[in-house]
Amino acid sequence: MNIIETDNLSKNYGKNRGIIDININVNEGEIFGFIGPNGAGKSTLIRTLLNFIYPTSGSGKIFNKDISRESSSIKELVGYVPSEVKYYSKVYVKDIINYTKGFRKDYSSKEIDSLIYDLEIDVNKRMNELSLGNKKKVAILQSLIGNPQLLILDEPTNGLDPLMQKRLFDILIKMKNEGKTVFLSSHNLIEVENLCDRVAIIKEGRIIDTLELKSTVIDFGRIIELEGDIPKDFIDRISHKTLSIDDNQYKFIYKGDIDNFIKSIASYNIKNLSIRKENLEDNFIKYYEDKEEK
Amino acid sequence: MNIFRFEIRRLMKSCIVWSLVCGMIIVLFMSFYPSMKDSGIQELVETKLSAFPEGMMEAFGIDKMVDFTDIIQYMAYVIQYVGMAMAIYASILGVTSLLEEEAEGTIEFLYAQPVNRNQIVICKIFSRVLLLFIYLFIIGAIAIFVSIIFKPEGIELFAMVKDIVNIFIGMSFVGFIFLSIGLLLSTILSPTINSTAISIGVFFITYIIGVVGKLRDGLEPLKYLSPFDYALPMDLAKEGWNSKYVVLGFIIIILSISGTFILYNKKDMKI
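Remember, it's a predicted structure, so these values are computed and weren't measured experimentally.

It is worth spelling out the sheet that holds strand β8 (residues 150-154) of chain A at this point. All names here are of chain A. Spatially, β7-β8-β9-β4-β10-β11 is the arrangement adopted by the six strands of the open sheet, whose pairing is mixed. This sheet does not close on itself; its edge strands, each paired only once, are β7 (78-81) and β11 (206-212). Sheet twist, expressed as the mean angle between neighbouring strand axes with direction ignored, is 15°. Packing of helix α5 (residues 132-144) onto the sheet brings it into contact with β7 and β8, and relative to β7 it is tilted by some 175°.

In structure tokens form, the structure reads like this:
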């Protein structure tokens, strides 16, 4: 079942480009990542999905309900963590929690208390006394009140320390295991790679690719950096893609069997060798380099 | 209902502060009343005032010569100035109602909850109406209390209270007009604008337009653009309600509130 689906969803407002012809399908029970540079349209898409802004053209559905006309009933099942948390500055955290409870039907005070404990939230502070990371933790907590079936997070790890990031990931994985769906935008490619089932890459308002991260469909190679007396034609023959060549220093993507590779270079005089797995970041950077080449 | 309660709790403190400050102004001015009555000051004031050009008197809302020895007229004169503060407060309540949520980014919390835009507008309106009522109730109670203290002999208590209540009904009417204009503005204005400055501006611009309307022959229709003049305490104390202003006031309230619902439902939130 598609939890989120959009059909050529576009938003063009004022000078900002917004988003253009976005088509995404987020399946039930998956963690779907959404990555792109600043200003690519990530927040615009999220705000359109949540009806903060209206689409210029196209349409979108969440839980098979129209994002513009049925937003209120959609939100009964959705939790949202904004990128920048700007809650009522003079209000106490405990009052924010109570305010959220007032909007939600299906919540357990015991679970909320347990989240307050896990996320180490001081409920007796006012919002304006909290650091960026602590505000984010309050936003995460409030998004989870009411047993949401879909969680939308806009750059959720901004400001969180590594321990809290891990706790957040644990929460998201638990949600996924319960069959709930997570839609998150992020700059942190490693977290997206480790967490998400699929990721869409947005550039200049358009989705330029959607990658299946948890399947074997995506064939990440290895990034090899090699220095030594090696003929260039040997590198050209074995590499999937040459990234750089500079005075007997080679950097290339290798996609074959690593054992064969090691054996094939054994007869050369090697000064330096580093091998690492190609990751999402390499691919992500590639998309932007492609843009610059154009 | 949840939004309503939250708003009341959040804004009650400033409401009480506004009420007490305005209430203190009434107490302060009314404490001069006995000396107004006793020392023949009326004669003095009348002499001085009659030296002013008529237009100027009209601009300051004292064209209908005030009898400072009459407690109701004196009270109406005092409340005229407190009424300006009330109009600004009502305007602030209106302008900040929806705009503040966008300006401070809190709309990202509120509208992520299962509420629709109409519910937000309704709760904002009702919470503001209640706050304005609380404000008017407090200063009204203070006004009645001090006038009972300073009540001259021979004035019937019930009639005096009735007149003061009538003045406060007029104040409420003007307050709700400014509140509804503020509400409409809060759907139109950019969140980057200083909403308090706009609120004060709304009052003074309409007030000055009204003054110009009163001063210049041929520009008389301009006075209809000044809601503050729709129920001037002095007019109510001396002449009662003007039906033209009442109808106009209700039209402004209805149009502004309808416009608020329509525009807020269509707008893109600026976060």
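Let us now look at the domain arrangement of chain A. Parsing chain A into structural domains produces domain 1 (2-212) and domain 2 (222-278). The C-alpha centroid of domain 2 of chain A is placed 42 Å from the C-alpha centroid of domain 1 of chain A.

Residues and elements named next belong to chain A. If you check the backbone angles, Glu204 has positive phi at about 50° while not being a glycine. Structurally, Glu204 can be placed in the loop between β10 (198-203) and β11. On the basis of neighbour counts, which here come to 14 C-beta atoms within 10 Å, the residue Glu204 falls in the partly exposed class. A positive phi angle is found at Asp247, which is not glycine, with a value near 50°. Positionally, Asp247 belongs in the loop between β13 (241-246) and β14 (249-254).

In this section: the interface of chain A and chain B. Where interface size is given, it is often the accessible area lost as the parts come together that is meant. Listed per partner, the contact involves 20 residues of chain A and 17 residues of chain B. For the side of chain A that touches chain B, the elements supplying multiple residues, two or more each, are α2 (71-75) and α3 (93-103) of chain A. Grouping the amino acids of the side of chain A that touches chain B by side-chain chemistry returns twelve nonpolar, three polar and five charged.

Residue and element names in this part refer to chain A. Where strand β1 (residues 2-13) and strand β5 (residues 57-62) come together, five bridges link them in antiparallel fashion. In the sheet register, Ile4 faces β5, and the bridge partner there is Ile62. Sheet topology note: the β5/strand β6 (residues 65-66) ladder contains two bridges and is antiparallel. Across the sheet, Ile62 pairs through a bridge with Lys65, a residue of β6. With antiparallel pairing between neighbouring strands as the criterion, β5 and β6 make up a hairpin whose turn holds two residues, including Phe63 at a positive phi of roughly 50°.

Now for the sheet that holds strand β12 (residues 222-229) of chain A. Residue and element names in this part refer to chain A. Sheet architecture is open: four strands sit in the order β13-β14-β12-β15, paired in antiparallel fashion. The open sheet has two edge strands with one neighbour each: β13 and β15 (269-277). On average, adjacent strands in this sheet sit at an angle of 15° to one another, irrespective of strand direction. As judged from the six bridges shared by β12 and β14, these two strands associate in the antiparallel manner.

Next up on the list: helix α11 (residues 243-266) of chain B. If you check α11(B), its first and last C-alpha atoms are 35 Å apart, about what 24 residues at 1.5 Å a residue would give, namely 34 Å. Close packing links the buried residues of α11(B) with α5 (71-103), α7 (117-150) and α8 (157-188) of chain B.

Residue and element names in this part refer to chain B. Taking 1.5 Å of rise per residue, 29 residues should cover 42 Å, and helix α1 (residues 2-30) covers 40 Å from first to last C-alpha, within 8% of that figure. By the largest-angle criterion, Met12 marks the main kink of α1, which is about 45°. Of the positions making up α1, those classed as buried are Ile3, Phe6, Cys15, Trp18, Ser19, Cys22, Gly23, Ile26 and Met30.

Glancing now at the nonpolar core. One finds A:Leu49, A:Ile62, A:Ile96, A:Ile152, A:Val182, A:Phe183 and A:Val199 to be the most contacted residues of the largest nonpolar core, which totals 68 residues. Element by element, the count of residues in this core is highest for α5(A), at five residues. Judged by nonpolar contacts, the second largest core, of 62 residues, contains B:Cys22, B:Tyr33, B:Met86 and B:Ile88.

Scoring rules and cut-offs
Residues numbered from 1 in each chain as written. Chains lettered and ligands numbered in written order. Predicted model: local features only at pLDDT ≥ 70, side-chain atom pairs only at ≥ 80, totals over all residues. Pairing = 2+ DSSP bridges. Helix = DSSP H or I, 4+ residues; strand = E, 2+ residues; numbered from the N terminus. Axes fitted to C-alpha atoms, helices over the stretch in contact; angles between N-to-C directions. Contact = placed C-beta atoms within 7 Å. Domains from an automatic or database assignment. Buried ≥ 20, exposed ≤ 12 C-beta atoms within 10 Å, placed from the backbone. Nonpolar A, V, L, I, M, F, W, Y, C, P; charged D, E, K, R; others polar. Expected span 1.5 Å × (residues − 1). Bend = angle between axes of the 7 residues up to and from the residue. Core = buried A, V, L, I, M, F, W, Y, C linked by C-beta atoms within 7 Å.

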